[in-house]
Amino acid sequence: MAGIFSFKCSSCDEIHEGSPSFACRAPDPYLEQSKETQEAGRLTDDLCWYEDEDGMHYFIRVCLEIPILGVTEPFIWGVWVSLSKANYDRYVETYDSPDTTVQYFGWFCNYLGYYKNTYALKTQVHPRAENNRPFIELEETDHPLSIDFHHGISIQRAQEIAEKIMHR
Ligand SMILES: [Zn+2]
């Protein structure tokens, strides 16, 4: 039976309740830019772009939802993916009334602490209605994050990841 996730933290001894949710505040490539480049670009809660010597780079904030086996709510990572200019423009144009019938190709643009290199994994972005951030589907590969996404994680593993991220 599916339940609510909670656990006694081995790191701080508190009870942490609710399925874990962690957010990356910006795409990692943006954070790697100089202050000038960052300031000439744009970063909001949902959108980001900047220009460097290779040209323009466009990103949107999305949700990566990893099922926790036996628990209703997934483990949620708030992450960024890069889109082509055409897809980014379309996403921005339909931001207030998203087209939920389309998918956008996106490159995963964050390094998630717990996993080995997650940068540039291939994803499909699915817009959602009613102000919910899009969710992404990871390409099925043997990358640990892809395996967790497609097969779900145990409660024990969810706890292990959450403790590591919360108290790093
Ligand atoms: Zn704790």
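This text gives an overview of the structure that appears in the document. (Residues numbered from 1 in each chain as written. Predicted model: local features only at pLDDT ≥ 70, side-chain atom pairs only at ≥ 80, totals over all residues. Heavy atoms only, no water.)

1. A closer look at the overall build of the chain
Scanning the chain from N- to C-terminus turns up 5 helices and 10 strands. For 168 residues, the compact-globule formula gives about 15 Å, and the C-alpha radius of gyration of the chain, at 17 Å, lands near that figure. When burial is assessed residue by residue, the chain has 44% of its 168 residues classed as buried. Long-range contacts, defined as pairs at least 24 residues apart, comprise 54% of the intrachain contacts of the chain with a sequence gap of at least 6. Accessible area for the chain stands at about 9,400 Å²; split by element, carbon and sulfur atoms hold 47% of it. Within the chain, the 27 negative side-chain charges are centred at a point lying 2 Å from the centre of the 14 positive side-chain charges. (Helix = DSSP H or I, 4+ residues; strand = E, 2+ residues; numbered from the N terminus. Rg over C-alpha atoms; globule rule 2.2 N^0.38 Å. Buried < 20%, exposed > 50% of the residue type's maximum accessible area, 1.4 Å probe, protein only. Contact = heavy atoms within 4.5 Å. Areas by Shrake-Rupley, 256 points an atom, 1.4 Å probe, with all protein chains shown as cover. Lys, Arg positive; Asp, Glu negative; His and termini not counted. Charge placed at Lys NZ, Arg CZ, Asp CG, Glu CD.)

2. Comments concerning the coordination of the zinc ion
Bound to the zinc ion are the protein donor atoms Cys 9 (SG), Cys 12 (SG), His 16 (NE2) and His 167 (NE2), situated 2.0 to 2.3 Å from the metal. Read from N- to C-terminus, the donor residues coordinating the zinc ion fall into the pattern C-x2-C-x3-H-x150-H. Judged by relative accessible area, which is 1%, Cys 9 ranks as buried. (Donors = N, O, S within 2.8 Å, 3.2 Å for Na, K, Ca; no water.)

3. Thoughts on the environment of Ser 97
Within the secondary structure, Ser 97 sits in the loop between helix H3 (85–93) and strand E8 (104–108). On the accessibility criterion, Ser 97 (55% relative accessible area) is exposed. For the pair formed by Ser 97 and Pro 29, sequence separation is 68 residues and the distance between their alpha carbons is 28 Å.

4. Regarding the pattern of salt bridges
Evaluation of the coordinates by the stated rule reveals 7 salt bridges. Of the charged contacts, one joins Asp 46 and Arg 133 as a salt bridge, the two residues approaching to 2.6 Å between their closest N and O atoms. Of this pair, Asp 46 sits in the loop between strand E4 (42–43) and strand E5 (47–52) while Arg 133 sits in the loop between strand E9 (122–126) and strand E10 (135–138); the two residues are 87 residues apart in sequence, bridging distant segments of the chain. The exposure class of Arg 133 is partly exposed, given its relative accessible area of 27%. A salt bridge links Lys 85 to Asp 89, with the shortest nitrogen-to-oxygen separation between them at 2.8 Å. Taken together, the residues span about one helical turn, with Lys 85 and Asp 89 both in helix H3 at a distance of 4 residues. (Salt bridge = Lys/Arg side-chain N within 4 Å of Asp/Glu carboxyl O.)

5. Some remarks on the nonpolar core
One finds Leu 64, Phe 75 and Trp 77 to be the most contacted residues of the largest nonpolar core, which totals 44 residues. Excluding residues within four positions of it along the chain, Phe 75 makes contact with Pro 20, Phe 22, Leu 64, Glu 65, Ile 66, Ile 68, Ile 153, Ala 158, Ile 161 and Ala 162. (Core = buried A, V, L, I, M, F, W, Y, C linked by side-chain atoms within 4.5 Å.)

6. Description of the environment of Gly 70
Along the polypeptide, Gly 70 turns up in the loop between strand E6 (55–66) and strand E7 (75–83). As a C-alpha pair, Gly 70 and Ile 155 span 85 residues in sequence and 7.7 Å in three-dimensional space.

7. Regarding the pairing of E8
On E8, burial follows the alternation: Tyr 104, Gly 106 and Phe 108 on one face are buried, whereas Phe 105 and Trp 107 on the facing-out side are not. Both E7 and E8 contribute to a ladder of 2 bridges, which runs antiparallel. Bridge pairing in E8 links Val 81 to Phe 108. Across 4 bridges, E8 lies against E9 in antiparallel orientation. The residue of E9 that forms the bridge with Trp 107 is Lys 122. (Pairing = 2+ DSSP bridges.)

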